[in-house]
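One letter stands for each residue in the lines below.
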Amino acid sequence: MSEVYLNGKFVGEVDEPLVFVEQFKSERRKGNLSENANIFYNDRSNDIMVESGKGRARRPLIVVKDGIPLLTEKHISQLEKGEISWSDIIQQGVIEFLDAAEEENALIAFTEKELRSEHTHIEISPLTMFGLATSLIPYANHSPAARMNIGGKNQKQALGFYVSNFLTRMDMDVNLLHTPQVPLVRTTMHDIYSDEKHPAGQNMVVAVMSYEGYNMEDAIIINKSSIERGMGRSSYYRPSIAEELRYSGGLVDEISIPDKDVKGYKSEHDYRHLEKDGVIYSEAVVGEGDVVIGKTSPPRFLSSLDEYNLAAATRRESSVSLAHGEKGVIDFVLITENEEGNKLVQVRIRDQRIPEVGDKFTSRHGQKGVVGLIVPETDMPFTASGIIPDLIFSPHGVPSRMTISHMIELIGGKVSGLAGRYIDGTTFHSEPEEDLRKELLSLGFRENGVETVYNGQTGEQYKAKIYVGNMYYLKLKHMVANKLHARARGPIQLLTRQPTEGRAKEGGLRLGEMEKDTFVAHGASLLLKERFDSDRTIVPVCEKCGLIAIYDEHKNKSYCPICGDVEITNVEVSYAFKLMLDEFKSLCVYPSLKLKNKY
Amino acid sequence: MGIYQEYKEKLPLSLFEEVKEKTKGMPASKAKKVLARVYKAYLNAKVEAGESVGLVAAESLGEPGTQMTLNTFHFAGVAEMNVTVGLPRIIEILDGRKEIKTPMMEIYLKNPYSKGKDIKRLALSIKETTLKDVITEVSANIAEKKIEVKFNKENMKEIGITSSHVISACGKAFKGISIKKTDDGMLIKIKGGEDKINEVYKIKERIKEVYIKGVKGIKQILPVKRGDEFIIITAGSNLNEVLGLKEVDETRTVSNDIYEIANVLGVEAARQAVINEVNKIIEAQGLNVDMRHIMLIADTMCFSGNIKGITRYGVVSEKASVLARASFETPIRHIINASLVGEVDKLSSIVENVMLNQPVPVGTGLPGLVVKVRK
Ligand SMILES: [Zn+2]
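The rules behind each value
Residues numbered from 1 in each chain as written. Chains lettered and ligands numbered in written order. Predicted model: local features only at pLDDT ≥ 70, side-chain atom pairs only at ≥ 80, totals over all residues. Heavy atoms only, no water. Donors = N, O, S within 2.8 Å, 3.2 Å for Na, K, Ca; no water. Tetrahedral: all angles 85-135°; square planar, octahedral: opposite > 155°, others 65-115°. Buried < 20%, exposed > 50% of the residue type's maximum accessible area, 1.4 Å probe, protein only. Helix = DSSP H or I, 4+ residues; strand = E, 2+ residues; numbered from the N terminus. 1 Å grid on protein atoms, 1.4 Å probe; cavity = no way out; pocket = protein on both sides within 12 Å on 5 of 7 lines; lining within 4 Å. Points joined across faces, edges and corners; volume = space filled by probe spheres on them. Pairing = 2+ DSSP bridges. Contact = heavy atoms within 4.5 Å. Axes fitted to C-alpha atoms, helices over the stretch in contact; angles between N-to-C directions. Core = buried A, V, L, I, M, F, W, Y, C linked by side-chain atoms within 4.5 Å. Buried area = accessible area lost by both parts, 1.4 Å probe. Salt bridge = Lys/Arg side-chain N within 4 Å of Asp/Glu carboxyl O. Polar contact = N/O pair within 3.5 Å; in protein donor to acceptor, adjacent residues only side chain to side chain. Nonpolar A, V, L, I, M, F, W, Y, C, P; charged D, E, K, R; others polar. Domains from an automatic or database assignment.

1. Observations concerning the coordination of the zinc ion
All names here are of chain A. Every protein donor of the zinc ion is accounted for by Cys542 (SG), Cys545 (SG), Cys560 (SG) and Cys563 (SG), and the metal-donor separations fall at 2.2 to 2.3 Å. Taken together, the four donor atoms surrounding the zinc ion define angles of 105 to 111° at the centre, an arrangement classified as tetrahedral. Classification of cysteine 560 as buried rests on a relative accessible area of 2%. Judged by its relative accessible area of 23%, cysteine 563 is partly exposed.

Okay, here's the thing in structure tokens:
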């Protein structure tokens, strides 16, 4: 007796669970039951779970009967000719989708070679055990799984050609690689997702060597002339948006060049790019603080009395301008209406991003690194045949991470470039490394991929042979231009008087709890105080009641609001502490300061 | 002898004795030089005034903690014998938990037994035996208010007990029952009327836990050879009773339950146990922390006479400063409670001075300037 549950609800019992499950499966394959239903027999608790709801991850597998896959050569040739389709072979019960639970009852063969009579299913291709991004890594079966995961994640951050209608789109934070290429070492997945329509990387000549120590800690060296030829160049697009909002009382925003008497008027210089309609013109070169869309808004709080008050009736400035650290060229101006019928102005700003020290690049094997140095081509090492690498990769990145696929791709790329054909690097059924080596030898190079290389600065031959070849490298969206930040002094928060946080607000860099501990551990007490002086204030304190007193600037005299004219002393504390005392008072806690002479 | 006299007061006793031992037979001038060097090294090792030892100890133990693995260690072959190690164990010790996850003992034995004599019998006699260890089946008959228990004769023989022993133990454990011996076990009859039916169920469940033999709390035993002597490792701890056994070497037998050690042997022993246990884990992970950091932490936990964990209920609650306590956990409660009694914060420690942006009283912030004002 086994209990049967349909989508988690008890529906009945069966006497022969295994017979029931088998019958269920065969009815499903015949098409009498929905192909979306999955069944799972739990032999420990003796329950049968039938699931037909949404939200289960399912994957297709070829059904195996008595050790023979149901998918035959005939199916494949019919599929290739287009006589039958994918859904036809599912209806025939040749391929079925299993969810995670039903997989527990299945024995899935990985390849046809290992197929035995006990197997219930066989993989369509071993590649199906990877996701899309991981399938794009060539020779991934040669590297640790963790690295391939990282490699897959990195590819999602790569710059490329994401859509072909980008010119008419207003996407937030978009990057476009200027001259993207298709990889030389490919996988089946590249064909399946038609990467020639949206490639996301470039083939570079890579030398595996160190260079003056500038590529330690995973940094990479880039050839300056390669950059000048356009390698790794991209554009960054960001829209600025302004809308003419309607407020109660018939008041509206107005997109125009603000008048000089508007509250919060910037300077004439800031509005210099605006045309008569208050919107910037195309191809204007803009920098930090420049207004892109001029806009004024009605005053914020308008009470009935203020109708006679001229000062209160002035409109306030609410233009859209470039934030701290931004620059670019106006790419596209769009003036339209939104769903509510309000005037809507969108301005797209474009900024060319040339690779610079600090930009992040990666191969497809989780070997990411930032640019450590840009070297003039004249100083780059060159091979005996005169090839100058685009990129120098540090050999120290390989042993601990064991990314052999990275090394094989380099040979594969070299063969591809020399032989003029693409290399199939699909995981589990790639062109064997041995064949690549043989072909490389026949092309007139050393079969292990190393070459004689000369020092670009002195012209001397390096004693070691250098591993040189072609690799597909990706430029990642993390660029220093978006991140570089430092501050000496700048804006503070209104509430705590401490520096603001974050690059966008020109904020300070926090000296945190653990950094504080290092100062204390060194006994650098006064240095610590100096670091924390950012919100220092001097408050008058009443010696009698211990509360904060008032300083009357007009009379140049302090007094206590409670005790009156008593002795008041000025004390230096952090403003955050003064704020905390105020918060104590709001809790009805009386925080009295007992003053004592320090010396 | 004269040369040693000078340093007897200056050096700690153990160090002094060690130097004295090692310089034995040396010419006096040479020995004197050695002593001078040792004294200088000793002075250098001393902590300077104003050094924030507490913070350095905390960081020195906290940083290796980030590298520790979170595994429990299993003894091969013995069920329910595993040891909490790594970070969870460190947290357990420093929090001063009363109930630890895996209490353990290492029982050292006196001479003939330490060489392996009777080791298996001895180990089995220490292990706590409950009824469930010596039976195969318990079945209840509700209508007749009877419980039938079948014995496992093999296990009984191995442990060295008889049926009558078991029956008398069960008889003592419950009131209102009568027990009859049967061929392969015993028959328990619950006295009384229909209202006692619930009792049948209760007794059926509870009878399995009836204590029969051995030391209470010792759940599992494992005799092992360490060096050239046999010791018994146990899961579960009962220091009081084990130290009372005549075969046990009470000078070396240890438990890992720090509260138990404090109760049986006193707080000084507990302090040493904290040091040993923490040090054992750090060494097992292949890490290295200076002993003095661990000693300081153990002292902080034990100096009050009771074990106090490094938690808001333990040592933090003893901090003099309201602001320092409030900055650790549950600030509002600390502030409200302090205001109820009008507590005064003397600003004598680090955290509160950082909050007020005053120089912290360590290192360069410690010395004050004394000026004699001429009148
Ligand atoms: Zn006052």
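2. What to know about unusual backbone geometry
Residue and element names in this part refer to chain B. In this structure, threonine 330 takes a positive phi of about 40° despite not being glycine. By the element assignment, threonine 330 lies in the loop between helix H15 (322–328) and helix H16 (331–341). The exposure class assigned to threonine 330 is partly exposed, which follows from its relative accessible area of 27%. With a phi close to 55°, leucine 347 is a non-glycine residue in the positive phi region. Along the chain, leucine 347 turns up in the loop between H16 and helix H17 (350–355). Residue leucine 347 is classed as partly exposed on the basis of its relative accessible area of 29%.

3. Details of the layout of surface pockets
When its volume is computed, the second largest pocket comes out at roughly 1800 Å³. Along the wall of the second largest pocket there are 44 residues; nearest its centre are Lys594 of chain A together with Lys346, Leu347, Leu356 and Gln358 of chain B. Looking at the lining of the second largest pocket, the elements with two or more residues in it are helix H13 (525–531), strand S34 (568–574) and helix H14 (575–586) of chain A together with H15 and H16 of chain B. Sort the elements by how many residues they give to the lining of the second largest pocket and S34 of chain A lands first, with five residues.

4. With respect to the sheet that holds strand S12 (residues 254–255) of chain B
All names here are of chain B. One open sheet holds the four strands; their spatial order is S10-S11-S3-S12, and the pairing between them is antiparallel. With one partner strand each, in any of the chains shown, strand S10 (220–226) and S12 form the two edges of the open sheet. Note: strand S3 (residues 104–108) against strand S11 (residues 229–235), five bridges, orientation antiparallel. Its bridge partner being in S11, isoleucine 107 is matched across the sheet by isoleucine 232. Relative to S11, helix H7 (residues 119–126) is tilted by about 25°, and along the sheet it contacts S3, S10 and S11.

5. Some remarks on the nonpolar core
Residues and elements named next belong to chain B. Residues Leu61, Ile107, Leu109, Ile232, Val278, Ile282 and Ile307 are the most contacted members of the largest nonpolar core, which totals 42 residues. Going through the elements one at a time, helix H4 (53–65), helix H5 (86–94), S3, H7, helix H11 (239–244), helix H12 (258–265), helix H13 (267–284) and helix H14 (291–302) are the ones with two or more residues in this core. If near-sequence neighbours (up to four positions away) are discounted, isoleucine 232 is found in contact with Met105, Glu106, Ile107, Leu109, Ile119, Leu122, Ala123, Ile126, Ile221, Leu222 and Pro223.

6. Things to note about the interface of chain B and chain A
Taken together, the contacts link 22 residues of chain B with 22 residues of chain A. Carbon and sulfur atoms supply 67% of the area that chain B and chain A bury against each other, a total of about 2000 Å² over both sides. Our enumeration of links across chain B and chain A arrives at zero salt bridges. Summed over the shared surface of chain B and chain A, the number is eight residue pairs in polar contact (both at pLDDT 80 or more). Counting residues per element, the ones that place at least two in the side of chain B that touches chain A are H4, H16 and H17 of chain B. Here the side of chain B that touches chain A is composed, by residue class, of 13 nonpolar, seven polar and two charged.

7. Concerning the pairing of strand S3 (residues 38–42) of chain A
Residue and element names in this part refer to chain A. With four of five residues buried, S3 lies mostly within the body of the structure. Two elements, S3 and strand S4 (residues 47–51), share five bridges in a ladder whose sense is antiparallel. Across the sheet, phenylalanine 40 pairs through a bridge with methionine 49, a residue of S4. Linkage of S3 to S4, two consecutive antiparallel strands, is achieved through a turn of four residues, within which asparagine 46 is found at a positive phi near 55°.

8. Things to note about the domain arrangement of chain A
Residue and element names in this part refer to chain A. Partitioning chain A into structural domains gives domain 1 (2–124), domain 2 (145–166 + 178–233 + 360–475) and domain 3 (235–353). Using only C-alpha atoms to locate each centre, domain 2 and domain 3 end up separated by 47 Å. The interface is formed by five residues belonging to domain 2 together with five residues belonging to domain 3. Summed over both partners, the interface of domain 2 with domain 3 buries about 380 Å², with 37% contributed by carbon and sulfur atoms. Of all residues in domain 2, Phe166, His178 and Arg233 give up the largest surface area on contact with domain 3, accounting jointly for 87% of the area buried on that side. The interface formed by domain 2 and domain 3 includes zero salt bridges. Taken together, the links from domain 2 to domain 3 amount to three residue pairs in polar contact (both at pLDDT 80 or more). When grouped by side-chain class, the residues that make up the side of domain 2 that touches domain 3 number one nonpolar, two polar and two charged.

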